[in-house]
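Take a look at the letters that make up each chain.
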Amino acid sequence: MNKIQENYTFSMIKPDAVQANHIGAMLSMIEKAGFSIDAITMLQLTPIVAEHFYAVHSDRPFYKSLCAFIASSPVVVMVLQKENAVADLRKLMGATNPVEAAEGTIRKIFATSIDYNAIHGSDSDETAASETSFFFPGCDLLLKKASTT
Ligand code: CMP
């Protein structure tokens, strides 16, 4: 997905949630909310990849610790499809700080702090396209759909 498409978003289950064995429960919430998982893999980011992925935050005081955390152990990266995918996933995730997250959201249930907040989701269609191509270069996201029809 190198070009910007509506109805797709990128998401990452972060190291805290992976270590706590919450992958299955979080994927279940995502699917029950109507998202189709069109690409998924588990991997561990190198520190350099983490710095690149979060480069937009490089001026923020939490940048170094954020990069160290995200590269500390495996993550699950995925591409999700649904109408209004970006906005609907952010609603399902809840506020960045779990203290402010609405009841029933992923971060309210699984996050333990603003630093260890369980899940990342793209903030726009543009970001979704660039984050997707970062982790799934050249991936044909329609493959799953084509193989089931
Ligand atoms: P995420 O959606 O992955 O985007 C950047 C991450 O930085 C964010 O989730 C938080 O986990 C982390 N972070 C730490 N401190 C802050 C802060 N003050 N504001 C925003 N994000 C923060």
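Thresholds applied
The residue numbers shown here count from 1 along each chain, following its written sequence. Per-residue local features of the predicted model are confined to residues with pLDDT of at least 70, and side-chain atom pairs are confined, for both listing and counting, to 80 or more; whole-chain, interface and lining totals are unaffected and use all residues. The side-chain values count all of the structure's non-hydrogen atoms but skip hydrogen atoms and water molecules. Secondary structure elements follow DSSP: runs of H or I of four or more residues count as helices, runs of E of two or more count as strands, with numbering from the N terminus. Type-normalised accessible area, obtained with a 1.4 Å probe on protein chains alone, sets the label of each residue: buried when under 20%, exposed when over 50%, and partly exposed for intermediate values. All accessible areas in this document rest on Shrake-Rupley with a 1.4 Å probe, and a residue is counted as covered only by the protein chains that are shown. Pairs were defined over the aromatic rings of Phe, Tyr and Trp, the Trp ring being its six-membered one, requiring ring centres within 6.5 Å. Orientation was assigned from the angle between planes: stacked under 30 degrees, edge-to-face over 60, tilted for the rest. Note on criteria: charge over ring means Lys NZ or Arg CZ within 6 Å of the ring centre, with the direction from the centre no more than 35 degrees off the ring normal. As used here, the term nonpolar core means buried Ala, Val, Leu, Ile, Met, Phe, Trp, Tyr and Cys residues forming a set that is joined through side-chain atoms within 4.5 Å. Contacts: residue pairs with any heavy atoms within 4.5 Å of one another. Paired strands are those between which DSSP finds at least two bridges. The angle between two axes is taken between their N-to-C directions and runs from 0 to 180 degrees, where each axis is a line fitted to C-alpha atoms and a helix contributes only its stretch in contact. Whether a residue is near a molecule or strand is decided by its heavy atoms; if any one of them lies within 4 Å of it, the residue is near. Basically, the charged four are Asp, Glu, Lys and Arg, the nonpolar ten are Ala, Val, Leu, Ile, Met, Phe, Trp, Tyr, Cys and Pro, and anything else, Gly included, counts as polar.

### Side note on the overall build of the chain
For step 1, the next point in the chain: The helix and strand tally for the chain stands at eight helices and four strands.
For step 2, the next point in the chain: Listed N to C, the secondary structure of the chain is β-α-α-β-α-α-β-α-α-β-α-α in terms of helices and strands.
For step 3, the next point in the chain: When the 149 residues of the chain are sorted by exposure, 44% land in the buried category.
For step 4, the next point in the chain: When the accessible area of the chain is evaluated, it comes to approximately 7800 Å², of which 55% is carbon and sulfur surface.

### Some words on the packing of aromatic side chains
For step 1, the next point in the chain: In the structure shown here, the tally under the stated rule is seven aromatic pairs.
For step 2, the next point in the chain: Here Phe-53 and Phe-134 contribute two aromatic rings whose centre-to-centre distance is 6.0 Å and whose plane-to-plane angle is 45°, an arrangement assigned as tilted. Of this pair, Phe-53 sits in helix α3 (residues 47-53) while Phe-134 sits in helix α7 (residues 125-135), placing them 81 residues apart in sequence.
For step 3, the next point in the chain: Its relative accessible area of 9% is what places Phe-53 among the buried residues.
For step 4, the next point in the chain: An aromatic cluster is built from Phe-10, Phe-53, Tyr-54, Phe-134 and Phe-135, whose rings are joined through pairwise contacts.
For step 5, the next point in the chain: Sitting over the ring of Phe-35, Lys-82 keeps its end group 5.7 Å from the ring centre.

### Considerations on the nonpolar core
For step 1, the next point in the chain: Ranked by size, the top nonpolar core spans 21 residues in total, and within it Ile-13, Met-26, Ile-30 and Ile-106 carry the most contacts.
For step 2, the next point in the chain: For this core, the elements supplying multiple residues, two or more each, are α1 (15-19), α2 (23-32), β3 (75-81), α5 (85-93) and α6 (106-110).
For step 3, the next point in the chain: Ignoring any residue separated from it by four or fewer positions in sequence, one finds Ile-30 in contact with Phe-35, Met-78, Leu-80, Leu-89, Leu-92, Ile-106 and Ile-119.
For step 4, the next point in the chain: In this structure, Ala-39, Leu-66, Cys-67 and Ile-70 belong to the second largest nonpolar core, which totals 19 residues.

### Describing the sheet that holds strand β1 (residues 8-13)
Paired through backbone hydrogen bonds, the strands of a sheet run either parallel or antiparallel to each other.
For step 1, the next point in the chain: Taken in spatial order, the four strands of this open sheet run β2-β3-β1-β4, and their pairing is antiparallel. Looking at the sheet topology across the chains shown, the edges are occupied by β2 (36-43) and β4 (119-121). Taken over all neighbouring pairs, the strand axes of this sheet differ in orientation by 20° on average, direction set aside.
For step 2, the next point in the chain: Against the sheet, α5 makes contact with β1, β3 and β4, and its axis sits at roughly 30° relative to β1, the strand it touches most.
For step 3, the next point in the chain: Against the sheet, α7 touches β1, β2, β3 and β4, its axis set at about 60° to β1.

### Notes on the site of the ligand
For step 1, the next point in the chain: Lining the immediate environment of the ligand, one finds Lys-14, Tyr-54, His-57, Arg-60, Phe-62, Leu-66, Thr-96, Arg-107, Ile-114, Asp-115, Asn-117 and His-120.
For step 2, the next point in the chain: When the free accessible area of the ligand is taken as 460 Å², the share hidden by the protein chains comes to 80%.
For step 3, the next point in the chain: Here the shell around the ligand is composed, by residue class, of four nonpolar, four polar and four charged.

### Section: the environment of Ala-71
For step 1, the next point in the chain: Here Ala-71 shows up in the loop between α4 (63-70) and β3.
For step 2, the next point in the chain: Taking relative accessible area as the criterion, Ala-71 reaches 13% and is therefore assigned buried.
For step 3, the next point in the chain: Each C-alpha atom, one on Ala-71 and one on Lys-14, is 9.4 Å from the other, the two residues being 57 residues apart in sequence.
For step 4, the next point in the chain: Sequence-distant contacts of Ala-71, defined by excluding residues within four places in its chain, comprise Gln-44, Leu-45, Thr-46, Pro-47 and Ala-50.

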